[in-house]
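Notes for the structure review
Here is how the chains run, residue by residue.
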Amino acid sequence: MKIESLDPRISRAGIDENTQDGELKVMDHFQTYEVFEQKKRGTHHVHVGSVHAPNSELAMMFAKEQYTRRGQCVNLWVVKTSEIFVTEYEDADIFENTATKLHRDPNSYKVMDRIKAYKERQKNNA
Amino acid sequence: MEFTDKHVLGLKDLLYRMADDLLILGHRNSEWTGLGPILEEDIAFSSMAQDKIGQSLALYEILHELGESEPDTVAFTRNAEQFHSCHLVELPIGEYDFSLVRHFFFDHQSALRIEMLTETVVEPLQMVARKFRGEIKYHTMHADSWLKQLALGSEEAKIRMQQAINETFPYALGMFESSEFETELIEAGIFGGEAQLKETWLRVISEKLNNFGYTMPDIETTEPILGGRKGVHTEFLQPLLDEMTEVFSIDPSADW
């Protein structure tokens, strides 16, 4: 029996009801690429998601339609997911002290007062 | 230069060719939506199909300004013999090899035509051409990437692509069927003409096909498949129109 569907495209395709075609094995999938989008020149590229693709050129083609068809974009990066080196979540304790190291926070600098005063002047002059 | 009736007829014919090609191929390519080879490609191909329909709308709007009916009326109420589309865009989607080759042949033609029209004396057409230039450039990049990739793929991929190229080529030549107003279009600076476009297109695609590792079909021994521009169509166009207008026809006066 052929599959009959309300969608004329499916009926036209004449697919057998018992077909096993189209079943994917793990190795049938393309590798993934991570996509980074730059909204304006001079700003950072920001990670927006990933795409499956056979090579970086097609990854770029897919990324363009996948992530930039709404909204502004001036530049795209794609990077093979496997090429990104990541920390392990079990090592997350290496970040634990960061929050308490106030001397690394720019707010601690004495110069902040002068910066604030400067900004204030700029605002008043404007 | 003052336009005569013949200039206006020639311009309308040019606009109908372009708009009808885009509408029909846009509809055809949208038949892949949900059935594409992988999710990312499905989205990209569907999105480009949508772009084509959008481009056709912009051209039908110029026709409307020239005194033709509303875009929806023109798109959804004409019969096959009133369409100016070429046979290439009417053919069913077939397998993905054919759809990709059609995409490659058609979109390079579209890009080159639009490029020529960025200099047309017809201002609204010039604006449309400049607006869609980038969009169409992406379409050609997408087509090139796939043709290149499949030439480097398995032996089966390469054989199937070459076969699709050979079989599609005579239909592709039908895109450049000359208009009876070629001289008027050229002399008035409306459009450089189908012959010039065809020559540029042949140069571009033969260079690309050779670079990718395919064999360019022999132009000397290929008989172009013509008729579409004069309202003579394949058996595939009317069923496509029936399907495309099915919902519209239920209530043509409905407000969407």
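Residues numbered from 1 in each chain as written. Chains lettered and ligands numbered in written order. Predicted model: local features only at pLDDT ≥ 70, side-chain atom pairs only at ≥ 80, totals over all residues.

1. Let's talk about the packing of helix H5 (residues 96-117) of chain B against helix H9 (residues 194-212) of chain B
All names here are of chain B. The criterion, for reference: The axes are straight lines fitted to the C-alpha atoms, using for helices just the contacting stretch, and the angles between their N-to-C directions are given from 0 to 180°. We count a stretch as a helix when DSSP gives it H or I for four or more residues in a row; a strand needs E for two or more, and each element gets its number in order from the N terminus. Angles are sorted into four bins: roughly parallel if under 35 degrees, roughly antiparallel if over 145, roughly perpendicular if 65 to 115, and oblique for all others. Crossing handedness follows the turn of the near helix against the far one: under a right angle anticlockwise gives a left-handed crossing, and clockwise gives a right-handed one. What counts as a contact is two residues whose backbone-derived C-beta atoms lie within 7 Å of each other. Put simply, Ala, Val, Leu, Ile, Met, Phe, Trp, Tyr, Cys and Pro go in the nonpolar bin, Asp, Glu, Lys and Arg in the charged bin, and everything else, Gly too, in the polar bin.
One can describe the packing of H5 onto H9 by two numbers: an axis separation of 10 Å at closest approach and a directional angle of 130°. What the angle tells us is that H5 and H9 run oblique. In the crossing of H5 with H9, the sense of the turn from one axis to the other is right-handed. Counting all contacts with H5, which are made through Phe105, His108, Gln109, Leu112, Arg113 and Met116, the residues of H9 involved are Leu197, Thr200, Trp201, Val204 and Ile205. Of the residues in the contact of H5 with H9, the class split is 7 nonpolar, 3 polar and 1 charged.

2. Quick look at helix H7 (residues 155-173) of chain B
Residues and elements named next belong to chain B. Put simply, the rule reads: In this analysis, the expected span of each helix is defined as 1.5 Å times one less than the number of residues it contains. Bending is quantified residue by residue as the angle between axes fitted to the seven-residue window ending at that residue and the seven-residue window starting at it. Here the C-beta atoms are placed from the backbone, and a residue counts as buried if at least 20 other C-beta atoms lie within 10 Å of its own, exposed if 12 or fewer do, and partly exposed otherwise.
If you check H7, its first and last C-alpha atoms are 27 Å apart, about what 19 residues at 1.5 Å a residue would give, namely 27 Å. The largest bend in H7 amounts to roughly 35° and is located at Glu167, with the proline Pro170 lying one to four residues further along. Looking only at H7, the buried set comprises Met161, Ala164, Ile165, Thr168, Phe169, Tyr171, Ala172 and Leu173. In this fold, the buried residues of H7 make contact with helix H4 (87-90), H5, helix H6 (123-151) and H9.

3. With respect to H6(B)
Between its first and last C-alpha, H6(B) extends 41 Å over 29 residues, near the 42 Å set by a 1.5 Å rise per residue. For H6(B), the principal kink sits at B:Arg133 and spans about 45°. Among the residues of H6(B), those classed as buried are B:Leu125, B:Val128, B:Ala129, B:Phe132, B:Ile136, B:His139, B:Thr140, B:His142, B:Ala143, B:Trp146, B:Leu147 and B:Leu150. Those residues of H6(B) hidden inside the fold are in contact with helix H2 (56-67) of chain A together with helix H2 (39-65), H5, H7 and H9 of chain B.

4. Description of the environment of B:Phe132
Residue and element names in this part refer to chain B. Structurally, Phe132 is set in helix H6. On the basis of neighbour counts, which here come to 23 C-beta atoms within 10 Å, the residue Phe132 falls in the buried class. If we skip the residues at most four places from it in the chain, Phe132 touches Gln55 and Ile114.

5. Focus: the sheet that holds strand S2 (residues 46-53) of chain A
Residues and elements named next belong to chain A. This is how it is decided: One bridge is not enough; two strands pair if DSSP finds at least two bridges between them.
Overall, antiparallel pairing links the 3 strands, which are arranged S2-S1-S3 in an open sheet. Of all the strands in the sheet, just S2 and strand S3 (75-80) have a single pairing partner and so form its edges. Each strand of the sheet is rotated relative to its neighbour by a mean of 30°, with strand direction disregarded. Of the strand pairs in this sheet, strand S1 (residues 31-38) and S3 are connected by 6 bridges, and their pairing is antiparallel. In the sheet register, Phe36 faces S3, and the bridge partner there is Trp77. Packing against the sheet, H2 makes contact with S1, S2 and S3, and its axis sits at approximately 125° to S2.

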